[in-house]
Structures are given as C-alpha cells and as structure tokens.
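So the chains spell out like this:
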Amino acid sequence: MIGFQYSRAQDVADAVRQIAAEPSAKFIAGGTNLIDLMKQDVERPSRLIDISRLPLRSVEETASGGLRIGALVPNADLAYHPLIAQRYPMLASSILAGASAQLRNMASTGGNLLQRTRCYYFYDTATPCNKRVPGSGCSAIAGLNRMHAILGTSESCIATHPSDMCVALVALDATVHVAGPAGARVIAFADFHRLPGDEPQRDTTLQDGEIVTAVELPERGFSAHYTYLKIRDRLSYAFALVSVAAGLELEGDRIKDARLALGGVAHKPWRDPTAETALRGQPASQATFASAATILLRDAKGYEHNRFKIDLARRAIVRALTQAAAGTPQLQSSKKIA
Amino acid sequence: MTRTSPQGRAEDGISLPEKLPVAITVNGVARQLRLAPWTTLLDALRDHLGLTGTKKGCDHGQCGACTVLVDGRRINSCLALAVMQDGASVTTIEGLASNGVLHALQQAFIDHDAFQCGYCTPGQICSAAGLLAEGRAGSAEEIRELMSGNICRCGAYPNIVAAIQQAMGQP
C-alpha cells in the first residue's frame, strides 16, 4: 500500500466536490475490496474520501410500491431486512450466497456494485492485464482461465464480474441512483455494468466523479417462484463458477412472466431478454427450460480451462428454473444437489 | 506495508500525511491513538495497543483470523482502516472473559478440543460470538454456512461446530 491522504465527506455534495478536486482520489465505504486491492498495489489512490458516515443507510418504501435502498446499507442488513426477505427473497438469497458473514457486515450496497473482478492476473501486478494497465495485454486468454467468462468477452478481456447480489438486482429490474458534477441521474441496472470491448478498464457506465447514492427496486419481486442457485468450487465462501437468478410468474403450469440472469459467466451480470421471451407463454417444463438455456448460451465461447462452464451453465439454468417453478428455492445453508 | 524512503516520503512523491487522532473503546477501555491513515484496525490493535490475541493470517479478508466485534458486529479487522472506526467500540478475544470467568464460547472450545495449533481460534471465537448475537443459525448446517469466513487449516471444524452448539445451549 502506498501512502495516501484521508478525509471525510460531510454530505453527498461534499463527496462530489472532493473527488472533482482530486480525480486520483477514491471513495471508501466498507472497504472490503478496495483495501485489499490497495494492499496488492492494484489500486493506488492519492486520497481516500470516507463516505461511510453519510446518511445513506435507510431502506424506504417508494410511492410506486418498490423499495429504495441507501448505498451504504450493509450487505448483511439488506439480506436480513424484513421487507427484502419477504418481498425480494431472490435478492436476500443472492446476498447470502456471497462472501462471508464478516464481509457482509462490512460491505455496502453501492460498494458491492463497484467491486472489481477477481481475475488472478488483474491482481498480479507482475503480469500484463488490460483492465489494470490498458494496452498491456490479457494474460488470461491463453493462461489459467477456469474462472473466466464465456459470454460477451473481447480480445482485450475475459474477466467476470464477481458479485452475486448484482445478478439478482439485474433480474429484478433494479435501477441505480447516482449523483455527480452534472447532477443526479438514474441508470437501469442492465446498463450500469458494461462489456469489456476495447476498454476493459471501465467496469461500469459511471462518469468521472459520480457516486452511487441508492439502488431502487420496482414492486415485482417474484417472491413465490424464485431461486438463486450458485455453483462453485467450495460449498461456501467462494466466487461463482456459474450462478443463476431465476424468477417465474405462473398461471397454472404455464409461464406468464420470467426473469433469468447469470453470474460468473461475463464481465457483467448477464441477462438475456430473448431467453426470457422464449419462456413466456410456455409450459413450465424441462423442455421449455432447456430451450431457454440453449438460447441464452447460443454465443457462449469457452477457453482452454473454462469450456466446462457452458454445459454447467446449461444444467444450472434448467435446475434453477425447475426449483423456481416448484417453489423450492435453494437455501444458501442447504448444500443438497436437487 | 507502506513503502517509504529514508527521508520519510512515499516512493512516488506523495508527501506523508500527518497522523490522525482516533478515539476507540477497546474491551471497555477508552483509547486515544494517533495513526497514519493506512493503519488497519488489526495493526492498531496488535502494534499500537499490544493486543496480540487478534491474529494476522492472510491480511486479505480470506481467513477470518483477524475477526473482532465492532459495535457488536463481527468484521475482518485486516480490511478496516482504524481511522474509519473513530468513535467505535471494539471487542477482541482479550475482552470476552469477565471477572476471570471464561466466555461460554471459550469454555466450549476447551471442552470440545475445538483447535489444534490455535492460530485461528481467537478469530473463530469472536466470529462465533457475532454469530450468536445475530441469532440466524440454528442447525449445524446453518452454523457451518455462517462460520465459513473462518478457515482452520488444522481441520478442527467438527469440534468447532460442536463447541458453538454447546455455547448456543447456554446463552
């Protein structure tokens, strides 16, 4: 870790002013990813602007029947919030699938969105990485790429977005509220994270100097038929090889509406409207689920060590939709394979 | 951790900031410190307050050896900047026993031989104290899931779960 200055933001406007005055500074809230990256010399901010005391810790009901979640609500508090557990259990389950109890106590809602990839080469400053040093090359494409992406990759980067929470948020049509030098704006969750293209150093569509202030959920939570299924190398406390957030609305045995998003497979939480269209109006059957999986994975491309993910994702999608349809979601404390 | 030249300046020319005042209550005792902003809570406890019960394992939030309770919540002290904890109340393994009587978890770890080398034990016990306070775990399955942030390389997991179950029976 290199030396840095430290200051506290007095309010959101002050935070925006401080970072505009020193673009090499970074905001810090929970710090669980940023401090780690600073110890690894991957992040070298000249200043940390402490936003952890800003009044962004409430979960409030919106006029349209949804919830507005302050950017500083800790992940654990969000997962166990009665309104989240009751109306958005897919989101609660996805949060509890990630990290450890200690990290969930520290990590913030906004920080979860902004955490960086866990690609080994991004962390290893001795190797080229286009995300860490633009133009230096990608070590993962011909390297150890077991954890890496199979969808939406580019010749510059095959890193994955590591969040579980964000997979549920994109499935639930959340929006991200941000403030910045040009004022406040709202970003659809599917547009918040981006594909690597030839600018893999940019994880999100946030503009310079913008700060996340809240995440908003619309009314529909798919609380009757949902699951968050996470497949990983260890039974707990490991990043996803593939994860699936599934939500169904059923009319008899027919699918009236569907949400389907994947984690661990792309540079952003992956949601594909054409796969959801293929589910709507169809019977909730294995054949329907398999067909949606085929559509979602139509452009999947494996690398030397992660080709298994394509078939793993196909099976995980079918299993997740089966769980959702049956109303038998995978609990994160349950390690049963069913 | 922080590289400085003999002249006391960071290598890339950023002038070192002044140390900042940090007031924290540790195990019930108010402490006043002056710390560089990059000092983690873990280093503040071990190097500045001499409380070496809290262990530095991986120093990257992956092993749980550094777990302490901040305002009653378990966190990884290696990923927390001390300056950000100003005003907080911290409980470490040294603060769990009261009046010479071991905390129920400490006694249960002894009763169940829930350690071998002991290096992860302070973090395991502080994490389990947080788990008990949260009240989210009932079954052994739930204890295992909610204790997964604490690694034991000796593999004492079955005895750790048994110890926590014992402590849950005697709040």
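Residues numbered from 1 in each chain as written. Chains lettered and ligands numbered in written order. Predicted model: local features only at pLDDT ≥ 70, side-chain atom pairs only at ≥ 80, totals over all residues. Heavy atoms only, no water.

## Side note on the overall build of chain A
When you go through chain A residue by residue, the secondary structure sums to 13 helices and 12 strands. For a compact globule of 338 residues, the expected C-alpha radius of gyration is about 20 Å, and chain A comes in at 19 Å, within 12% of that figure. With respect to the three principal axes, the spread of C-alpha positions in chain A is 60 × 50 × 35 Å. Every one of the 338 residues in chain A was classed for burial, and the buried ones make up 60%. Nonlocal contacts in chain A, meaning residues at least 24 apart in sequence, comprise 63% of its contacts between residues at least 6 apart. As displayed, chain A has an accessible area near 12900 Å², and 53% of this comes from carbon and sulfur atoms. Each charge class in chain A can be summarised by its mean position, and for the 38 positive and 32 negative side chains these summaries are 5 Å apart. (Helix = DSSP H or I, 4+ residues; strand = E, 2+ residues; numbered from the N terminus. Rg over C-alpha atoms; globule rule 2.2 N^0.38 Å. Buried < 20%, exposed > 50% of the residue type's maximum accessible area, 1.4 Å probe, protein only. Contact = heavy atoms within 4.5 Å. Areas by Shrake-Rupley, 256 points an atom, 1.4 Å probe, with all protein chains shown as cover. Lys, Arg positive; Asp, Glu negative; His and termini not counted. Charge placed at Lys NZ, Arg CZ, Asp CG, Glu CD.)

## Digging into the confidence of the model for chain A
Chain-level pLDDT for chain A is 97 on average; 100% of the residues reach the 70-or-more range. Ranking the elements of chain A by mean pLDDT puts strand β1 (residues 5–8) of chain A last with 97 and helix α9 (residues 165–171) of chain A first with 99. (pLDDT = per-residue confidence, 0-100.)

## What about the packing of aromatic side chains?
The final tally for this structure, using the stated rule, is 4 aromatic pairs over all chains. Taken together, a centroid distance of 6.0 Å and an interplanar angle of 70 degrees make the contact between Phe4(A) and Trp38(B) edge-to-face. Placement of the pair is Phe4(A) in the segment before β1 and Trp38(B) in the loop between β2 (29–35) and α1 (41–48), with the two residues belonging to separate chains. Using a relative accessible area of 0% as the deciding quantity, one classes Phe4(A) as buried. A centroid spacing of 6.1 Å and a plane angle of 70 degrees characterise the contact between Tyr120(A) and Tyr121(A), whose relative ring orientation is edge-to-face. For the cation-ring pair, Arg136(B) lies above Tyr80(A), with the distance from its terminal atom to the ring centre recorded as 4.0 Å. (Phe/Tyr/Trp six-rings, centres within 6.5 Å; stacked < 30°, edge-to-face > 60°. Lys NZ or Arg CZ within 6 Å of the ring centre and 35° of its normal.)

## Some thoughts on the domain arrangement of chain B
Residue and element names in this part refer to chain B. Along its sequence, chain B is organised into domain 1 (20–95) and domain 2 (104–168). Computed from C-alpha atoms alone, the centre-to-centre distance between domain 1 and domain 2 is 21 Å. At the boundary of domain 1 with domain 2, total buried surface from both sides reaches about 1200 Å², with 56% on carbon and sulfur atoms. Linking domain 1 with domain 2 are 1 salt bridge, by the criterion used here. Across the domain 1-domain 2 interface, the total number found is 7 residue pairs in polar contact (both at pLDDT 80 or more). The element that contributes the greatest number of residues to the side of domain 1 that touches domain 2 is strand β3 (residues 67–70), accounting for 3 residues. Residue composition of the side of domain 1 that touches domain 2, grouped by class: 5 nonpolar, 6 polar and 3 charged. (Domains from an automatic or database assignment. Buried area = accessible area lost by both parts, 1.4 Å probe. Salt bridge = Lys/Arg side-chain N within 4 Å of Asp/Glu carboxyl O. Polar contact = N/O pair within 3.5 Å; in protein donor to acceptor, adjacent residues only side chain to side chain. Nonpolar A, V, L, I, M, F, W, Y, C, P; charged D, E, K, R; others polar.)

## Examining helix α3 (residues 121–134) of chain B
For α3(B), built from 14 residues, the straight-helix expectation of 20 Å at 1.5 Å per residue is met to within 8% by its first-to-last C-alpha distance of 20 Å. Burial in α3(B) covers these residues: Thr121(B), Pro122(B), Gly123(B), Gln124(B), Ile125(B), Cys126(B), Ser127(B), Ala128(B), Ala129(B), Gly130(B) and Leu131(B). Buried positions along α3(B) lie against α6 (101–106) of chain A together with β3, β4 (73–76), α2 (104–111), α4 (140–146) and α5 (157–168) of chain B. Downstream of α3(B) by one or two residues, Gly135(B) has phi in the positive range, about 70 degrees. (Expected span 1.5 Å × (residues − 1).)

## Things to note about the packing of α3(B) against α5(B)
All names here are of chain B. The N-to-C vectors of α3 and α5 enclose an angle of 40 degrees; their axes lie 11 Å apart at closest approach. In terms of orientation, α3 and α5 fall into the oblique class. Like other packed secondary-structure pairs, α3 and α5 cross with a definite hand, here right-handed. Contacts between α3 and α5 involve Gln 124, Ala 128, Leu 131 and Leu 132 from the former and Ile 160, Ile 164, Ala 167 and Met 168 from the latter. Its residues placed into classes, the contact of α3 with α5 shows 7 nonpolar, 1 polar and no charged. (Axes fitted to C-alpha atoms, helices over the stretch in contact; angles between N-to-C directions. Parallel < 35°, antiparallel > 145°, perpendicular 65-115°, else oblique. Left-handed = near helix turned anticlockwise from the far one by under 90°.)

## Section: the sheet that holds β4(B)
Residue and element names in this part refer to chain B. Pairing is mixed in the open sheet, where 5 strands are placed in the order β2-β1-β5-β3-β4. At either margin of the open sheet sits one strand with a lone partner, and together these are β2 and β4. Each neighbouring strand pair of the sheet contributes to a mean axis angle of 40 degrees, computed without reference to strand direction. Sheet topology note: the β3/β4 ladder contains 4 bridges and is antiparallel. Paired with Val 68 across the two strands is Ile 75, which belongs to β4. Contacting β3 and β4, α3 runs over the sheet at an angle of about 40 degrees to β3. (Pairing = 2+ DSSP bridges.)

## Details of the sheet that holds strand β2 (residues 26–28) of chain A
Residue and element names in this part refer to chain A. The 3 strands lie next to each other as β1-β3-β2, forming an open sheet whose pairing is parallel. Two strands bound the open sheet, and with one partner strand each, they are β1 and β2. Ignoring which end each strand starts from, the neighbouring axes of this sheet average 30 degrees apart.

## Here's the deal with helix α12 (residues 286–296) of chain A
Residues and elements named next belong to chain A. For α12, the full list of buried residues reads Thr 288, Phe 289, Ala 292, Ala 293 and Leu 296. Down the axis, α12 shows its buried residues gathered within 135 degrees of arc, on one side only. On its buried face, α12 sits against β11 (254–263), β12 (270–271), α11 (273–279) and α13 (308–326). (Arc of directions from axis to C-beta.)

## Digging into unusual backbone geometry
Residues and elements named next belong to chain A. At Asp 41, a residue that is not glycine, the phi angle is positive and equals roughly 70 degrees. Within the secondary structure, Asp 41 sits in the loop between α2 (34–39) and β3 (47–50). Positive phi is not limited to glycine here, since Phe 222 has a value of about 50 degrees. Judged by its relative accessible area of 7%, Phe 222 is buried.

## Considering the interface of chain B and chain A
On the chain A side, the residues contacting the 40 residues of chain B number 41 residues. In total, chain B and chain A occlude about 3400 Å² of area from one another, counting both sides; carbon and sulfur atoms represent 52% of this. If you sort the residues of chain B by the area they bury against chain A, Leu79(B), Met84(B) and Glu145(B) come out on top, with a joint share of 21%. On the surface where chain B and chain A come into contact, there are 3 salt bridges. Residues Lys335(A) and Glu145(B) are paired through a salt bridge, measuring 2.6 Å at the closest nitrogen-oxygen approach. Within the residue set of the side of chain B that touches chain A, elements represented by two or more residues are β4, α3 and α4 of chain B. Its residues placed into classes, the side of chain B that touches chain A shows 15 nonpolar, 14 polar and 11 charged.

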